[in-house]
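# Coordinates in review
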Amino acid sequence: MHLFGHMEELRKRLIIVLLSFVIAVIGAFLYAPKLYNLLAKDAGGQLTVLGPTDLLWVYFVISGVFALGVTIPIIGLQLWQFIKPALTKEERKATLAYIPALAILFALGISFGYFVLFPMVFAFMKEMAEGQVLAMFTAERYFRFMLNLTLPFGLLFEMPVVVLFLTRLGIINPWRLAKARKHAYFVLALISITITPPDLISDILVIVPLLILYEVSITLSKLAYRKKARITPES
């Protein structure tokens, strides 16, 4: 296929992804008030708004995150469809099987951020403000804070599938990942320290799952490389 053919194919895939996301946003928006009440329970009271559009913005943010979770496997499928002509029959089967895992890992990452990290950080912030200031939470800032603590983990938890996919395509290999371990650990530790309260327990609760994810990614990459190359890799 010539360049314009590739561009037309890419345009088609992007349109499908965009339409899927818009439809998912509309569907999630119908349930946004119920989702809002469910997610706002940790605030301990009614949230305030400073403008007439604040609540609408929150509803769209909630709908967008849920729509992203629905759209991620569609993105994976469209990407697979785009590169499928360049893959062998075995590679097509192997990489297609990774697509459901994208949605599962995204949901696990969001769940980790919401059920583990967010309550811990939010409780720390409230405890720090207690007796010092009158804490009043606006809906916009509360949900922006929640989004900043949950969405990154939804994306970071995709690491094993992305590594598997790139390994099957021959772009990376397990030895390259192992060689970059020190740098990866430093980046993951930096992320953990940045988004958690300044105490050791919080840092450990976040960094340990991320380091485990990286090691799992290396192990999965070894398995994928072994299957692809049909050889026993060096330890």
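Residues numbered from 1 in each chain as written. Predicted model: local features only at pLDDT ≥ 70, side-chain atom pairs only at ≥ 80, totals over all residues. Heavy atoms only, no water.

This paragraph deals with the nonpolar core. Among the nonpolar cores identified, the biggest contains 45 residues, and Tyr 36, Leu 47, Tyr 142 and Phe 143 are the most heavily contacted of them. Where this core is concerned, the elements lending two or more residues are helix 2 (32-39), helix 3 (54-83), helix 5 (99-129), helix 6 (139-156), helix 7 (159-168), helix 9 (181-195) and helix 10 (200-229). (Core = buried A, V, L, I, M, F, W, Y, C linked by side-chain atoms within 4.5 Å. Buried < 20%, exposed > 50% of the residue type's maximum accessible area, 1.4 Å probe, protein only. Helix = DSSP H or I, 4+ residues; strand = E, 2+ residues; numbered from the N terminus.)

This next bit is on the environment of Ala 97. In this structure, Ala 97 sits in the loop between helix 4 (89-96) and helix 5. Residue class for Ala 97 comes out exposed when judged on its relative accessible area of 53%.

All right, on to the packing of aromatic side chains then. Counted according to the given criterion, the structure contains 16 aromatic pairs. Look at Phe 118 and Phe 145: their rings are 6.0 Å apart centre to centre, the planes differ by 55°, and that puts the pair in the tilted class. Of this pair, Phe 118 sits in helix 5 while Phe 145 sits in helix 6, and the two are 27 residues apart along the sequence. Since its relative accessible area comes to 0%, Phe 118 is described here as buried. Measuring from centroid to centroid gives 5.2 Å for Phe 122 and Phe 137, while their planes differ by 50°, and the two rings are tilted. Of the two residues, Phe 122 sits in helix 5 while Phe 137 sits in the loop between helix 5 and helix 6, which places them 15 residues apart along the sequence. Among the aromatic residues, those joined into a ring-pair cluster are Phe 29, Tyr 36, Tyr 59, Phe 60, Tyr 114, Phe 115, Phe 118, Phe 122, Phe 137, Tyr 142, Phe 143 and Phe 145. (Phe/Tyr/Trp six-rings, centres within 6.5 Å; stacked < 30°, edge-to-face > 60°.)

Here we take up the confidence of the model for the protein chain. In the predicted model, the protein chain carries a mean pLDDT of 86, and the fraction of residues at 70 or more is 94%. Ranking the elements of the protein chain by mean pLDDT puts helix 4 last, at 81, and helix 3 first, at 93. A low-confidence stretch, residues 231-235 stays under pLDDT 50, and its non-local contacts, those more than four residues away or across chains, total four contacts. (pLDDT = per-residue confidence, 0-100. Contact = heavy atoms within 4.5 Å.)

Here the focus is the environment of Ala 86. With respect to the helices and strands, the residue Ala 86 is situated in the loop between helix 3 and helix 4. What makes Ala 86 exposed here is its relative accessible area of 69%. Distance from Ala 86 to Leu 169, taken between C-alpha atoms, is 9.8 Å for residues 83 residues apart in sequence.

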